[in-house]
Amino acid sequence: MKFEFYIACFDRVLTIELKNPKDRAEAQWIMEKAYDEWIYPLNDLGDVCCEEYICECLEKDGIEFIWIETEE
């Protein structure tokens, strides 16, 4: 199941393919939380880009997906 998440600060979309469609609601919540953490970090996140950080958060929470990279 393809799932798109809008990255407002860059006006672009992160597209992933969820391996389990039942994970959609949880993935949405994780992505929104990760985006907020990336925009307003409480800790140093290093040089990780927004999409990478969101995907890392999904992986940490056990969401299985494939990142579909699109050309800008």
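Computed from a prediction, not measured in an experiment: that's the story for all the values here.

1. Quick word on unusual backbone geometry
One non-glycine residue with positive phi stands out, namely aspartate 11, at about 50°. Residue placement: aspartate 11 occurs in the loop between β1 (2–7) and β2 (12–18).

2. What to know about the pattern of salt bridges
Applying the stated criterion to the full structure yields two salt bridges. Of the charged contacts, one joins glutamate 51 and arginine 12 as a salt bridge, the two residues approaching to 2.6 Å between their closest N and O atoms. In this pair, glutamate 51 is assigned in helix α2 (residues 50–60) and arginine 12 in strand β2, connecting sequence segments 39 residues apart. What makes glutamate 51 buried here is its relative accessible area of 7%. With a closest N to O distance of 3.7 Å, lysine 33 and glutamate 37 form a salt bridge. With lysine 33 and glutamate 37 both in helix α1 (residues 24–39), this residue pair falls four residues apart, about one helical turn. Looking at lysine 33, the relative accessible area reads 41%, which means it is partly exposed. When its relative accessible area of 29% is taken as the criterion, glutamate 37 is described as partly exposed.

Parameters and conventions
Residues numbered from 1 in each chain as written. Predicted model: local features only at pLDDT ≥ 70, side-chain atom pairs only at ≥ 80, totals over all residues. Heavy atoms only, no water. Helix = DSSP H or I, 4+ residues; strand = E, 2+ residues; numbered from the N terminus. Salt bridge = Lys/Arg side-chain N within 4 Å of Asp/Glu carboxyl O. Buried < 20%, exposed > 50% of the residue type's maximum accessible area, 1.4 Å probe, protein only.

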